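The residues making up each chain are set out below.
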Amino acid sequence: MEGKLRIFSGSSNPVLTRQICERLGVEPGRITLSRFKSGEIYVHYEESIRNCDVFLVQSLAHPINELFVELLVMIDAAKRASARTINIIMPYYGYARQERKSAPREPISAKMVADVLTTAGASRVVTIDLHAAAIQGFFNIPVDHLTALDLMTDYLKSQNISNPVVVSPDAGRASMAEKLASGLDAPFAIMIKKRPAHNESVITHVIGEVAGYTPIIIEDLIDTGSTIVNVVEGLRERGAGEAIVCATHGLFSDHAEKRLRHPWISQVVITDSIAQPEQHGPHVTVLPVAPMLARATQYILDGGSIATLFKDQGI
């Protein structure tokens, strides 16, 4: 596997990079990432990458703008060092929530990120559970859109949950909720909500039966946790039991974990797509994405269908 493969980590999640490399039997690439006193970013590859397939691992989490510019400088340095391909492993795609205009004079920032990555020199993007699958269409380069759904399904099956119902907190997650419900052989429900402001939501309707069930709430990300708490309380008002919250990306901004220590949340399940602290509270379970990303990397290098990574190849 060594050959012409080189995997380098940005500042966002070096632990994940090491885990991917261990699965592939290679050493992480040697790279210097530093800052000038003015805050400008400096990148230097400490080994030759000429004619190599370079993979750069960087999630656009906190601090998102700093990590985004760092990634762009890494891409530019790799391009100028004559890398054969520059593949971006971006488990969490930042700015994905701004994928359309919901009001006049707003940006479509997800498209802007796609344009900038492509212009900088990226050859391919590998990501996990985009906020909206249509973001793949913002790129004119290949995008491998992976999902943590099988990880979540296998874990939840192991928990032997009594009387589960899978709940989509909005219409946008309905397809994912239906697939998870199918994998668990459980019913599912959809909540209708409106957003008066960013990171705020109000539940207006619930479609489906939740009274007497254990709700499994499926989301793509948890940011401040305010929306999740509103969903849990809305379900409780309708007779549901303690909830299990599942999300691929755990941003946990603004004391989110404290907010999620809610009496009606029994467990929070996330992945390590974003670097997590060594110790979470006992109610938080972190599932590993490195095996999936390593297999995807191998398929990209050797040829093969990414769809074979998933039980439901329609994903």
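For the structure, see preceding data.
I will try to describe carefully the structure that is included in this document. (Residues numbered from 1 in each chain as written. Predicted model: local features only at pLDDT ≥ 70, side-chain atom pairs only at ≥ 80, totals over all residues. Heavy atoms only, no water.)

Quick notes on the pattern of salt bridges
Should the charged atoms of two oppositely charged side chains come close, the side chains can pair.
(1) Moving on: Here the structure, examined in full by the defined rule, presents twelve salt bridges.
(2) Moving on: The salt bridge involving Arg84 is made with Asp53; its shortest N-O contact spans 2.9 Å. Here Arg84 is found in the loop between α2 (64-80) and β5 (85-90), whereas its partner Asp53 is found in strand β4 (residues 53-57), with 31 residues between them in sequence.
(3) Moving on: Looking at Asp53, the relative accessible area reads 14%, which means it is buried.
(4) Moving on: Residues Arg124 and Asp144 are paired through a salt bridge, measuring 2.8 Å at the closest nitrogen-oxygen approach. Taken together, the positions of Arg124 in strand β6 (residues 124-128) and Asp144 in strand β7 (residues 143-146) put the pair 20 residues apart, joining distant regions of the chain.
(5) Moving on: Judged by relative accessible area, which is 21%, Arg124 ranks as partly exposed.
(6) Moving on: What you see here is one network of salt bridges that share partners, running through Arg6, Arg30 and Glu47. (Salt bridge = Lys/Arg side-chain N within 4 Å of Asp/Glu carboxyl O. Helix = DSSP H or I, 4+ residues; strand = E, 2+ residues; numbered from the N terminus. Buried < 20%, exposed > 50% of the residue type's maximum accessible area, 1.4 Å probe, protein only.)

Section: the sheet that holds β4
(1) Moving on: Spatially, β1-β4-β5-β6-β7 is the arrangement adopted by the five strands of the open sheet, whose pairing is parallel. Because the sheet does not close on itself, it has two edges, and the strands there are β1 (5-9) and β7. Between one strand axis and the next, the sheet turns by 15° as a mean value, whatever way the strands run.
(2) Moving on: Pairing analysis gives five bridges linking β4 to β5, with the strands arranged parallel. By the bridge assignment, Leu56 is partnered in β5 with Ile88.
(3) Moving on: Contacts from helix α1 (residues 14-24) reach β1 and β4, with the element oriented near 160° to β1.
(4) Moving on: Lying over the sheet, α2 contacts β1, β4 and β5, oriented at roughly 160° with respect to β5. (Pairing = 2+ DSSP bridges. Axes fitted to C-alpha atoms, helices over the stretch in contact; angles between N-to-C directions. Contact = heavy atoms within 4.5 Å.)

Details of the packing of helix α4 (residues 149-158) against helix α5 (residues 174-184)
Two quantities define a packed helix pair, namely the angle between the axes and the distance from one axis to the other.
(1) Moving on: Remark: α4 packs on α5, axes separated minimally by 10 Å, with the N-to-C direction vectors making an angle of 40°. Taken together, the axes of α4 and α5 are oblique relative to one another. The chirality of how α4 crosses α5 is right-handed. Residues Leu149, Thr153, Leu156 and Lys157 of α4 lie in contact with α5, whose contacting residues are Met176, Lys179, Leu180, Gly183 and Leu184.
(2) Moving on: Classifying every residue of the contact of α4 with α5 gives five nonpolar, two polar and two charged. (Parallel < 35°, antiparallel > 145°, perpendicular 65-115°, else oblique. Left-handed = near helix turned anticlockwise from the far one by under 90°. Nonpolar A, V, L, I, M, F, W, Y, C, P; charged D, E, K, R; others polar.)

Topic: the side chain of Thr297
(1) Moving on: For Thr297, the location among the structural elements is in helix α8 (residues 290-302).
(2) Moving on: The residues touching Thr297, leaving out its near neighbours within four places in the chain, are Leu5, Leu24, Phe55 and Ile89.

Let's talk about the pairing of strand β3 (residues 41-45)
Both faces of the sheet carry side chains from a regular strand, because those side chains alternate between them.
(1) Moving on: Here β3 shows a clear split, with Ile41, Val43 and Tyr45 buried on one side and none of Tyr42 and His44 buried on the other.
(2) Moving on: Where strand β2 (residues 31-35) and β3 come together, five bridges link them in antiparallel fashion. Bridge assignment links Ile31 to a residue of β3, and that residue is Tyr45.
(3) Moving on: The antiparallel hairpin formed by β2 and β3 contains five residues in its connecting segment, where Gly39 sits at a positive phi of about 100°.

Section: unusual backbone geometry
(1) Moving on: Residue His62 is joined to Pro63 through a cis peptide bond whose omega torsion reads -15°.
(2) Moving on: Note on placement: Pro63 falls in the loop between β4 and α2.
(3) Moving on: Despite not being glycine, Arg105 has its phi angle at roughly 65°, a positive value.
(4) Moving on: Position of Arg105 relative to the elements: it lies in the loop between β5 and α3 (109-120).
(5) Moving on: Even without being a glycine, Asp185 presents a positive backbone phi close to 55°.
(6) Moving on: Following the sequence through the fold, Asp185 ends up in the loop between α5 and β9 (188-194).
(7) Moving on: The class for Asp185 is exposed, based on a relative accessible area of 74%.

Everything listed here is a matter of geometry and, on its own, says nothing about what the molecule does.
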